[in-house]
Amino acid sequence: MASKIQEVLGSAAAIAKGMGITFREMLQPTITEDYPDGPALFQERYRGSHELQRDENGMEKCVACFLCAAACPAECIYIEAAENTDKLRMSGGERYASVYNIDYSRCIFCGYCVEACPTDAITHGHGFEQASYNTSTLIIRKEKMLVAIPEGAKQQVLEPVAGAH
Ligand code: SF4
Ligand code: SF4
């Protein structure tokens, strides 16, 4: 009998707690998203289009280790590695990615590439407008993913020289 009463009280407490949350939310202002007339709002951890990051000196963080490509279950990352030289230094490591493509017709935005990257070079941004009727436009290249050189960077990046690769 005592256990029955405890069960009823427990259920009543759970219902009261749930209704309390409902009433509290009812009193909050309604938020309506205006997309596409206004910007879409995302949670910080939203996994959108990829970005290739730079360090504080403007160097590319990607060192062409291929770990992201190895971790990708959709096999949609294509990388070509090149050596940094005295005349052409693109990253802080020995190598950099001269080509880095992601095929968005296959990417499932699982985030495994981001988790696998030892230098935090590849991250998810909040871009999402990638739809296309032409799948050839869904191969996103390094040039599109690479973030701008940060303001105040020491500008150590040397410009590519003709015929360097
Ligand atoms: S998010 Fe997943 S599927 Fe897309 S490139 Fe990264 S590892 Fe591959
Ligand atoms: S993005 Fe990261 S994991 Fe992928 S090749 Fe570059 S450094 Fe390696």
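Notes on the structure in this doc start here.

Criteria and cut-off values
Residues numbered from 1 in each chain as written. Chains lettered and ligands numbered in written order. Predicted model: local features only at pLDDT ≥ 70, side-chain atom pairs only at ≥ 80, totals over all residues. Heavy atoms only, no water. Helix = DSSP H or I, 4+ residues; strand = E, 2+ residues; numbered from the N terminus. Rg over C-alpha atoms; globule rule 2.2 N^0.38 Å. Buried < 20%, exposed > 50% of the residue type's maximum accessible area, 1.4 Å probe, protein only. Areas by Shrake-Rupley, 256 points an atom, 1.4 Å probe, with all protein chains shown as cover. Near = heavy atom within 4 Å. Nonpolar A, V, L, I, M, F, W, Y, C, P; charged D, E, K, R; others polar. Salt bridge = Lys/Arg side-chain N within 4 Å of Asp/Glu carboxyl O.

A few points about the overall build of the chain
Thinking step 1. Counting its secondary structure elements, the chain contains four helices and five strands.
Thinking step 2. Starting at the N terminus and walking to the C terminus, you meet the elements of the chain as α-β-α-β-β-α-β-β-α.
Thinking step 3. Relative to the globule expectation of 15 Å for 165 residues, the C-alpha radius of gyration of the chain, 24 Å, shows a markedly less compact shape.
Thinking step 4. C-alpha atoms of the chain, sized along the principal axes, occupy 85 × 40 × 40 Å.
Thinking step 5. Residues classed as buried in the chain amount to 30% of the 165 residues present.
Thinking step 6. Carbon and sulfur atoms make up 55% of the accessible area of the chain, which amounts to about 11,600 Å² in all.

Things to note about the site of ligand 1
Thinking step 1. Taken together, 13 residues surround ligand 1, and among them Cys72, Cys107, Cys110, Gly111 and Cys113 come closest.
Thinking step 2. Each residue belonging to the shell around ligand 1 can be placed in one class, and the counts come to 11 nonpolar, two polar and no charged.

Considering the pattern of salt bridges
Thinking step 1. The tally for this structure, following the rule as stated, stands at one salt bridge.
Thinking step 2. Here Glu60 ties to Lys142 by a salt bridge, and the two come within 2.9 Å at their closest N and O atoms. With Glu60 in the loop between strand S1 (50-52) and helix H2 (67-71) and Lys142 in helix H4 (residues 142-145), the pair connects residues that are 82 residues apart, well separated along the chain.

Interpretation in functional terms is not warranted from these geometric data alone.
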